[in-house]
Amino acid sequence: MPDRTLEARLRVVVVDDEPPARRKLAAWLERDAEVEIVALCANGYEALDVLAEGPVDVLFLDVQMPELSGFDVLAQRPPGPAPLVVFATAFDHYAVRAFEHHAADYLLKPYDYARFSATLAHVKERHRHRQAREVQDRLGSLLDAVQPPRPYLDRLAVKHADRVELVSVDQVDWIRAEGNYVLVRAGGREHLIRERLSKVASTLDPRRFPRIHRSTIVNLDRVAALHPASHGDYTVVLRDGTELAMSRTYREALREVLQIGF
């Protein structure tokens, strides 16, 4: 059986060109049973080799090192999940740049064990939050994959004074916003529905009923032609001769639906 305790430990890499600094960090990290030291690196090249071998949770990184600085290491880091970075350096003027690189913390040498402990506790908390988000994202993706797609409406309920009429979406020519209502042209008649256009759009299959304007939805089965207008807009001509304006804002979405260029 694999060692689950070991798998749960925080995988840490220390990068510092000064042996005493590496030894001090290693000694303090070894006191914590939740930490696994993956490597102690004397320069940036060694660090890049270690990062290429597999995921690392936390990187304690010196800034000023020969040939490759700590910032160079981050710039050349192999693709993959980014470790939490703690900069450990004797120079305070790198602090602003370090936090531009989203550093988890900045240890200014010489630091004592209390300061180190506070940093490690902060990093552990950040790591726990990151893991929780990753689990939540994976669960969300799994639920999205297993849940059946929400069915679109095949009828619209239109209220009249004395009845509710069901209008088949196959009969719809176009739908237009009219304040707090939408006007539905279907079967040669016009109907008012007390609903916002965005709500109605969410109930219809967008591949059949794309939005061509912020105030207009059209049934693609009724479209006969598209004619260029000014400033990248188009005029949508229906089979019965009706002309509807299509703004350039919605042109790209219609291109994807039709899978043609225009």
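Please read all numbers here as calculations on a predicted model, not as lab measurements.

Definitions and cut-offs
- All residue numbers refer to positions counted from 1 along the written sequence of the respective chain.
- With the structure being a predicted model, the display of local features is reserved for residues of pLDDT at least 70 and the display and counting of side-chain atom pairs for 80 or more, all residues being used for whole-chain, interface and lining totals.
- Hydrogen atoms and water are omitted, and side-chain values are computed over all heavy atoms in the structure.
- Whether two aromatic rings pair depends on their centres lying within 6.5 Å, for rings of Phe, Tyr and Trp, where Trp uses its six-membered ring; planes under 30 degrees apart make the pair stacked, over 60 edge-to-face, and the rest tilted.
- Going along the chain from the N terminus, every DSSP run of H or I of four or more residues is numbered as a helix, and every run of E of two or more is numbered as a strand.
- Under the scheme applied here, a residue whose accessible area is under 20% of the maximum for its type counts as buried, over 50% as exposed, and between as partly exposed, the area being computed with a 1.4 Å probe on protein chains only.
- Expected span, for any helix, means 1.5 Å times one less than how many residues it has.
- It is the directions from the helix axis to the C-beta atoms whose arc is reported.
- Patch members must show over 30% relative accessible area and no salt bridge, and they are joined within 9 Å when carrying like charges or within 5 Å when they are nonpolar side chains of Val, Leu, Ile, Met, Phe, Trp or Tyr.
- All accessibility values rest on the Shrake-Rupley procedure with a 1.4 Å probe; residue burial counts only the protein chains present in the view.
- A pair is scored as a salt bridge if a Lys or Arg side-chain nitrogen falls within 4 Å of a carboxyl oxygen belonging to Asp or Glu.
- Strand pairing requires that DSSP identify at least two bridges connecting the strands.
- Here an axis means a line fitted to C-alpha atoms, over the contact stretch when the element is a helix, while the angle between two N-to-C directions is reported on a 0 to 180 degree scale.
- In what follows, residue pairs with any heavy atoms lying within 4.5 Å of each other are defined as contacts.

Let's shift gears to the packing of aromatic side chains. Taken as a whole, this structure holds 6 aromatic pairs when the rule is applied. Summarising the aromatic geometry, the rings of Trp-28 and Tyr-113 are spaced 5.3 Å apart at their centres and angled 75° between planes, so their arrangement reads as edge-to-face. Of the two residues, Trp-28 sits in helix α2 (residues 19-30) while Tyr-113 sits in helix α6 (residues 113-146), which places them 85 residues apart along the sequence. Classification of Trp-28 as buried rests on a relative accessible area of 12%. An aromatic cluster is present here, built from Trp-28, Phe-60, Tyr-111, Tyr-113 and Phe-116 joined pairwise through their rings.

A rise of 1.5 Å per residue sets the reference length of α2, with its 12 residues, at 16 Å; its end C-alpha atoms lie 16 Å apart and thus fit the reference within 8%. Looking at α2, one finds that the buried residues are Ala-21, Arg-22, Leu-25, Ala-26, Trp-28 and Leu-29. Buried residues of α2, viewed axially, fall in a sector of 170°; they line one side. Facing away from the buried side of α2 by more than 90 degrees, the exposed set consists of Pro-20, Arg-23 and Glu-30.

This part takes up a nonpolar patch on the surface. Together, Val-135, Leu-139, Leu-142, Leu-143 and Val-146 make up a nonpolar patch on the protein surface, roughly 460 Å² of accessible area in all. The topology assignment puts Leu-142 in helix α6. You can call Leu-142 exposed: its relative accessible area is 52%.

We now examine the sheet that holds strand β2 (residues 35-41). The strand order β2-β1-β3-β4-β5 describes an open sheet built from 5 strands, whose pairing is parallel. On the outer flanks of this sheet lie β2 and β5 (105-108), each paired with one strand and no other. When the angles between neighbouring strand axes are averaged without regard to direction, this sheet yields 20°. Pairing between strand β4 (residues 84-89) and β5: 4 bridges, direction parallel. Looking at the pairing, Val-86 lines up with Asp-105 of β5. Each of β1 (10-15), β2 and β3 (58-61) touches α2; the most contacted strand, β2, lies at about 170° to it.

Another point: the sheet that holds strand β10 (residues 189-193). As summarised here, the arrangement of the 5 strands in space is β10-β9-β8-β12-β11, forming an open sheet in which the pairing is antiparallel. Since the sheet does not close on itself, it has two edges, and those belong to β10 and β11 (211-213), each with one partner. Pairs of neighbouring strands in the sheet enclose a mean axial angle of 25°, with direction left out of account. Pairing analysis gives 2 bridges linking β11 to strand β12 (residues 216-218), with the strands arranged antiparallel. Among the inter-strand pairings, His-213 is bridged to a residue of β12, identified as Thr-216.

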